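# An overview of the molecular structure
Below are the chains, spelled out letter by letter.
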Amino acid sequence: MSTPVSETLRTFDPDETRRELATEHGVLRYHDVGDGPPLLMLHGSGPGVTGWRNFAGNLPLFARHFRCLVLEFPGFGVSDPTDQHPMQAALPAVSTLLDGLGLDRVDVIGNSMGGIVGARFAIAEPDRVRRLVTVGGLGRQIFSPSPGEGINLLVEFTEDPTRERLVEWLNSMVFDRSMVTEELIEQRWAHATDPDTLASARRMYGRGVLEAAARAAAASPEPPYWALLHRITARTLVTWGRDDRVSPLDMALVPMRTIPDVELHVLPNCGHWAMIEQKAAWESAVLAFLTRED
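Described in the following lines is the structure provided in the data block. In this text the structure is predicted, and so the values were computed from the model without any measurement. (Residues numbered from 1 in each chain as written. Predicted model: local features only at pLDDT ≥ 70, side-chain atom pairs only at ≥ 80, totals over all residues. Heavy atoms only, no water.)

Summed over the entire model, instances satisfying the criterion amount to 3 aromatic pairs. Aromatic pair F62 and W282: ring centres 5.9 Å apart, planes at 65°, arrangement edge-to-face. You can see F62 sitting in helix α3 (residues 59-62) and its partner W282 sitting in helix α13 (residues 279-291), a full 220 residues away along the chain. Pairing F157 with W189 gives two aromatic rings, centres 6.4 Å apart and planes at 75°, and the pair type is edge-to-face. Separated by 32 residues along the polypeptide, F157 in helix α6 (residues 149-159) and W189 in helix α8 (residues 182-192) bring together distant segments of the chain. Judged by relative accessible area, F157 falls into the buried class, the value being 1%. If you follow R131 out to its NZ or CZ, it ends over the ring of F289, 5.5 Å from the centre. (Phe/Tyr/Trp six-rings, centres within 6.5 Å; stacked < 30°, edge-to-face > 60°. Helix = DSSP H or I, 4+ residues; strand = E, 2+ residues; numbered from the N terminus. Buried < 20%, exposed > 50% of the residue type's maximum accessible area, 1.4 Å probe, protein only. Lys NZ or Arg CZ within 6 Å of the ring centre and 35° of its normal.)

Here's what the structure looks like:
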């Protein structure tokens with residue numbers, strides 16, 4: 001059951017909104033807030049990330065219009081751990097959650113890794129995605145180096161998880177470094193250094209893993225996901241922080257050019273967490289897009 005929300009309700013308790021779905025691959029956990037058409041919210045990657053930390057601040061607005069389902073991907077310390085690469089486990093988790101909740105079609109918001117998962121889901125099951133919103137991360141570098149600064153800092157933390165490296169990575173995520181508070185650092189540090197969460201991160205961001213993945217991609221006859229974006233039939237809004245140092249803005253060129261029905265919204269003075277750092281402007285653009293008449 002979803003959690004009703006009134007027009008005046010401004011905050012939510014994660015313990016009250018958290019739900020569980022038992023699956024053959026372990027327990028999927030998610031937050032269920034609001035009433036209305038279903039809106040699936042998919043988080044990004046990185047030390048100490050959760051779906052709740054990515055989107056809790058946006059729920060008071062979106063829960064007035066949608067039933068917001070914030071999925072916690074396997075392997076990030078909230079849903080059960082996985083022995084798979086976290087990206088491999090994430091895509092089937094989306095279908096499993098929607099099937100378990102009896103939902104045929106949803107809108108999707110995905111941040112960074114979540115945007116890639118949302119795009120891949122829209123390619124694989126086009127009838128199940130009405131509209132797609134991504135926040136950075138989607139596409140590939142055209143002019144900027146790959147991997148970018150933020151990814152390199154993430155790799156360094158994953159291989160040598162010190163508090164100093166965590167702070168360096170967090171600073172790369174934002175334009176305004178005052179957002180990196182002691183509270184944020186402590187929250188992320190406690191979660192990121194959990195043994196299961198750290199093991200999962202190393203399956204995704206270990207230096208050797210990234211190098212092996214690049215070699216495998218170069219040798220594979222299968223096209224990368226970004227070469228299939230033309231298959232997305234959902235109306236799409238790509239949002240980006242102009243000053244993103246994790247996934248630089250030139251990455252937006254491929255989805256902007258290849259997704260058939262796509263809009264691009266770039267937010268100034270904004271890093272990788274557009275939905276947090278430019279919260280009001282991002283919410284305004286996304287809500288207008290999702291509620292616009294077909």
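That was the structure; now back to the text.
Glancing now at the layout of surface pockets. Its volume calculated, the largest pocket comes out at about 1700 Å³. Along the walls of the largest pocket sit 47 residues, with M87, I116, L210, A213 and Y225 positioned nearest its centre. If you list the elements that add at least two residues to the lining of the largest pocket, you get α4 (86-101), α5 (113-124), α6, α9 (195-205) and α10 (207-219). In this structure, the second largest pocket encloses a volume near 360 Å³. R53, L184, Q187, W273 and I276 are the residues nearest the centre of the second largest pocket, which is lined by 16 residues in total. Counting residues per element, the ones that place at least two in the lining of the second largest pocket are α2 (51-55), α8 and α12 (274-277). In the lining of the second largest pocket, the residues fall into 7 nonpolar, 5 polar and 4 charged. (1 Å grid on protein atoms, 1.4 Å probe; cavity = no way out; pocket = protein on both sides within 12 Å on 5 of 7 lines; lining within 4 Å. Points joined across faces, edges and corners; volume = space filled by probe spheres on them. Nonpolar A, V, L, I, M, F, W, Y, C, P; charged D, E, K, R; others polar.)

Another aspect to go through is empty space enclosed by the protein. For the structure shown, the criterion picks out 1 cavity of 30 Å³ or more. Residue lining of the largest cavity: 15 residues in total, with G46, P47, F76, T197 and A201 positioned closest to the centre. Mapped by element, the contributors of at least two residues to the lining of the largest cavity are α6 and α9. Sorting elements by how many residues they give to the lining of the largest cavity places α9 first, with 6 residues. Among the residues making up the lining of the largest cavity, the classes are represented as 9 nonpolar, 6 polar and no charged.

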